[in-house]
Amino acid sequence: MFMKKTYITTAIPYVNGVPHIGHAMDYCLADVCARYYRARGDEVRFQVGTDEHGNKIFQKARELNVPVQEYVDTNAEKFKKFIAKLDISYTDFVRTTSEDHKKRVREIWQKLSEHIYMAEYEGWYCTGCERYITEKECKENNGVCPDHQKPYEKLKEENYYYRVADFKKQIREAIESDEILILPDFRKKEMLRLLEETPDVSISRPTSQLSWGVPVPGDESQVMYVWMDALSNYITVLGYPEQAINDWWPAMAQFVGKDILRFHAILWPAMLLGLGLPLPKVLVSHGMVLSNGQKMSKSIGNVVEPMEVIDKYGLEAFRYYFLRHVDTFADSDFTWEKYSDAYNNELANDLGNLVQRLATLAKKNSIVVEQPLEGLTPSKEYCDLMNEFKFARAFDVVWEKIQSLNKRIDDEKPWSLAKNGETELLDKCMTELIKDLLQANYELIPFLPNTAERIVGIFANGEIRPPESPLFPKG
RNA sequence: CGUGGGGUAGAGCAGCCUGGUAGCUCGUUUGGCUCAUAACCAAAAGGUCGUUGGUUCAAAUCCAACCCCCACAACCA
């Protein structure tokens, strides 16, 4: 039997920190997408992973006095656990320090070699920070590093560059024509403008600057610098280049935070074009989660820990909030008050209570629904929104159905029908209500898989009985 | 004179492209119901749609200028 193959990717986080809410957003959006396409019958491959090279990681490991590989192993494990905790239905986990990835990235580099050249880079450098700083930052600090109280030095080094210029025209056409569809639309304009001013990209560092990375093939004095290494993960995980990847590539959708969209909309297509590979179909750029209206930052002290949010009301509530009340594309605010309101008013009152009252009514009146899961298909409105990656809006559509069921129960008053002995009418009314609940529930699957499964267990598993504990206890 | 987004009821947002009596959710107030997790349903109050000017019979919507917030520009997703 022929199944459409669909490949979905997420950005791979840099493992020098702990998983935060932004990573969770990326995972949850991609997960909804993956579950939706699976429900439609596609065979879905879903990549997640970790970016593990670079100076910051090297330094952090040295500070902690542990071998670097051990350090990244530990942190990669943290991300793996986090992803599992979010119930993300991934199929592939890629690590940039894996032997497979490193071998393949070197092969990719070689394939791109005709677009790679060496040039000298000159800039202000702080020996304390061990990094280059921008001209503007240098000026602002009057030429002295505020952290180390040392004057910046003018340094020169040799870097390899990737000649993005070779592909600008093709990339512009691909973006303009939506061959690569960039969502949301206003980001597309932003990327087109950025493309024009994008210089060739530095893709290596001398080992004297950076040792924790993939050595450049044919030049052991240089290692690859972040992007060439990291972006390649989307195809190395599929086995490129030694394995044919055209079953899966191009990706149907690549999910990224808006801050790294530029690399995915410009450098990544340039790499793919250099390799002669097709371009991804859709780049979905999601916004940031704000905390009390501000960007989360350690110095402001408003960082919201995802684990803490999950622990408050459970995973389903977490997914609910971040998939419905956080705009799929724009920045959205998180506050504990909104979170608690959403949980109590919507999950507990709207949905939890609806399930409870319907199940109780059914049980009291011994209602039996024949073939309750027969003929369930998602509505057109819902599918259209899902296909356009407007997940939060699609979720709204599902929720309207759930809320309208509460109204219908009030209007049709099944309890009066029972009291008046109108069993036939009661049976018909209850059957319809339950079927419609299961219809809404079917569309709920990608968003709240565990809840949806519980609801099926209550209504579509022989005798209907209320849940032993509330779906969403008030709190 | 950098680029992009935004300013609509107490809060969060839709409507703007394709002008025609201002809409949704939460919150507030009142009423109804009793199957249900003190849940559910209904009604009401609440807005000179950032400012000024223009086009038009008619502007939240189109045009111009200005004010204000935010993000990006630089390795905090």
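Residues numbered from 1 in each chain as written. Chains lettered and ligands numbered in written order. Predicted model: local features only at pLDDT ≥ 70, side-chain atom pairs only at ≥ 80, totals over all residues. Heavy atoms only, no water.

K.L.:
Would you take a moment to explain the pairing of strand β13 (residues 282-286) for this structure?
P.N.:
Every other side chain in a regular strand lies on the same face of the sheet, so the side chains alternate between the two faces. Of all five residues in β13, five are buried; the element is thus mostly enclosed. A two-sided burial pattern is seen for β13, the buried positions comprising V282, V284 and H286 on one face and L283 and S285 on the other. As paired strands, strand β7 (residues 181-183) and β13 are joined by three bridges and run parallel to one another. Across the sheet, L181 pairs through a bridge with V282, a residue of β13. Here four bridges tie strand β12 (residues 253-257) to β13, and the two strands are oriented parallel to one another. If you follow F255 over to β13, its bridge partner there is V284. Handedness of the β-α-β unit built from β12, helix α10 (residues 261-275) and β13 comes out right-handed. (Buried < 20%, exposed > 50% of the residue type's maximum accessible area, 1.4 Å probe, protein only. Helix = DSSP H or I, 4+ residues; strand = E, 2+ residues; numbered from the N terminus. Pairing = 2+ DSSP bridges. Right-handed = clockwise from strand over helix to strand, strands pointing away.)

K.L.:
I tried to follow the packing of aromatic side chains on my own but got confused; where do I start?
P.N.:
Tallying each qualifying case throughout the model produces 29 aromatic pairs. Residues W227 and F263 carry aromatic rings whose centres are separated by 3.9 Å and whose planes lie at 15° to one another, so their mutual orientation is stacked. With W227 in helix α8 (residues 226-231) and F263 in helix α10, this pair connects stretches of sequence that are 36 residues apart. The class for F263 is partly exposed, based on a relative accessible area of 23%. Here the aromatic rings of Y321 and Y339 are separated by 5.4 Å at their centres, their planes lie at 80°, and the arrangement is edge-to-face. With Y321 in helix α12 (residues 315-325) and Y339 in helix α13 (residues 336-364), this residue pair connects regions lying 18 residues apart in the sequence. You can call Y321 buried: its relative accessible area is 2%. (Phe/Tyr/Trp six-rings, centres within 6.5 Å; stacked < 30°, edge-to-face > 60°.)

K.L.:
Whenever I open this one, the protein's contact with RNA strand B confuses me. Can you help?
P.N.:
In the neighbourhood of RNA strand B, 39 residues make up the surrounding shell, with K56, R193, D259, K295 and N353 lying closest. Among the atoms of RNA strand B close to the protein, meaning within 4 Å, 66% are from sugar or phosphate groups. At 3.2 Å from a sugar or linking oxygen of RNA strand B is found a side-chain nitrogen or oxygen belonging to R262. Between RNA strand B and the protein, one listed contact pairs a phosphate oxygen with a side-chain N or O atom of K407 at 3.4 Å. Those elements giving two or more residues to the surface near RNA strand B turn out to be α7 (185-197), α13 and α15 (391-412). With 12 residues, the single largest contributor to the surface near RNA strand B is α13. Here the residues of the surface near RNA strand B are counted per class, giving 11 nonpolar, 12 polar and 16 charged. (Near = heavy atom within 4 Å. Polar contact = N/O pair within 3.5 Å; in protein donor to acceptor, adjacent residues only side chain to side chain. Nonpolar A, V, L, I, M, F, W, Y, C, P; charged D, E, K, R; others polar.)

K.L.:
Explanation requested: the environment of I203 in the structure shown.
P.N.:
For I203, the position within the fold is in the loop between β8 (201-202) and β9 (204-206). Note: C-alpha distance between I203 and H264 (61 residues apart in sequence) is 15 Å.

K.L.:
Which parts of the structure should I look at to understand the nonpolar core?
P.N.:
Most often, soluble globular proteins have nonpolar side chains that are buried together. If you look at the biggest cluster of nonpolar residues, it comprises 97 residues, and the most contacted ones within it are F255, F318, F322, F389, F447 and F459. Those residues in contact with F322 that sit more than four places away from it in its chain are I21, M25, V289, V309 and F334. With 55 residues, the next largest nonpolar core counts L194, L238, Y240 and M271 among its residues. (Core = buried A, V, L, I, M, F, W, Y, C linked by side-chain atoms within 4.5 Å. Contact = heavy atoms within 4.5 Å.)

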